[in-house]
Amino acid sequence: MSKTASVGLAPATTLFGRLLASIDRVLMINAEIAARNGDVPYFGL
């Protein structure tokens, strides 16, 4: 009998999570550019 155990875990990043992270990254870059130009950043799609 083995003295070690292994647990199979699902991947932490799903496709939906990656999509939300990339959308968030684009919106934050847009807000940084707007703030650098002195504009009010527009948050939304």
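## Focus on the overall build of the chain
Here comes step 1: Tallying secondary structure elements over the chain gives 1 helix and 0 strands in all.
Here comes step 2: Here the chain holds 45 residues, and 4% of them are scored as buried.
Here comes step 3: Of the roughly 4,400 Å² of accessible surface on the chain, a fraction of 65% belongs to carbon and sulfur atoms.

## Quick notes on a nonpolar patch on the surface
Here comes step 1: Together, Phe16, Leu19, Leu20 and Ile23 give the surface a local cluster of nonpolar side chains, amounting to about 370 Å² of exposed area.
Here comes step 2: Under the relative-accessibility criterion, leucine 19 is labelled partly exposed at 45%.

Thresholds, definitions, all that
- Residues numbered from 1 in each chain as written.
- Predicted model: local features only at pLDDT ≥ 70, side-chain atom pairs only at ≥ 80, totals over all residues.
- Heavy atoms only, no water.
- Helix = DSSP H or I, 4+ residues; strand = E, 2+ residues; numbered from the N terminus.
- Buried < 20%, exposed > 50% of the residue type's maximum accessible area, 1.4 Å probe, protein only.
- Areas by Shrake-Rupley, 256 points an atom, 1.4 Å probe, with all protein chains shown as cover.
- Patch = residues over 30% accessible without salt bridge, like charges linked within 9 Å, V, L, I, M, F, W, Y side chains within 5 Å.
- Salt bridge = Lys/Arg side-chain N within 4 Å of Asp/Glu carboxyl O.

Remember, this is a structural readout, not a statement about activity or role.
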